[in-house]
Each structure stands twice: as structure tokens, then as C-alpha cells.
Amino acid sequence: MTEAANHHQGIEAARLGDQELIRELETIHRSRHDTLLYGSPAALSAHTTRMAELEEEYVRRHPDRRVSAGRTREGARARTPRKQS
């Protein structure tokens, strides 16, 4: 990757400390909606790539993170009222 491209992408996620990684994730998640609505196709693509890199690194570091039951398929189904036949 060229220096210009590397600068555009930010520091490699694996090289970030835990607090830096969290801060980067918070920032990118806050900016996602505006990038989706108003960013150029190139900006949206770069944002998507960077967000995936950061999220994958977080999951790699925390494979046993707590998962809320409501954030699973089974939990979502339990929230949805079933149609009566």
C-alpha cells in the first residue's frame, strides 16, 4: 500500500491499542450515517472497508465477548409477534 493510501486508511487496526481501537470504532460508527447519505461512492467504499477492518480486529481480540440474547436470531424471533392462523 502506498504511503498516501495508508494515510487515507489510518493506522492498521492490528497496530492500535485497545483504547485507540475503541475510540476509532466509536468515531466510525458515529460518521457512518452521514457517509452513507452524503459521501461519494469512493468515500463510502473506504468507510466500509475501514469499518470492517476495525470491527474484525475487535472481534478477533474479544472472541468471547458477551452477546445479548436479544441480538440473536432466536431473540429477534421472540420479540416478533407471530401471526395467528
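Everything discussed here concerns the structure shown above.
Residues numbered from 1 in each chain as written. Predicted model: local features only at pLDDT ≥ 70, side-chain atom pairs only at ≥ 80, totals over all residues. Heavy atoms only, no water.

1. What to know about the side chain of His 47
In step 1: Along the polypeptide, His 47 turns up in helix 3 (residues 41-61).
In step 2: Classification of His 47 by relative accessible area gives buried; the value is 11%.
In step 3: Contacts of His 47, omitting those with residues within four sequence positions, involve Ile 28, Ser 31, Arg 32 and Thr 35. (Helix = DSSP H or I, 4+ residues; strand = E, 2+ residues; numbered from the N terminus. Buried < 20%, exposed > 50% of the residue type's maximum accessible area, 1.4 Å probe, protein only. Contact = heavy atoms within 4.5 Å.)

2. Focus: helix 2 (residues 18-38)
In step 1: A rise of 1.5 Å per residue sets the reference length of helix 2, with its 21 residues, at 30 Å; its end C-alpha atoms lie 30 Å apart and thus fit the reference within 8%.
In step 2: Within helix 2, the axis deviates most sharply at Arg 32, by approximately 40°.
In step 3: Residues Leu 21, Leu 25, Ile 28 and Thr 35 constitute the buried set of helix 2.
In step 4: If you follow the buried residues of helix 2, they end up packed against helix 3. (Expected span 1.5 Å × (residues − 1). Bend = angle between axes of the 7 residues up to and from the residue.)

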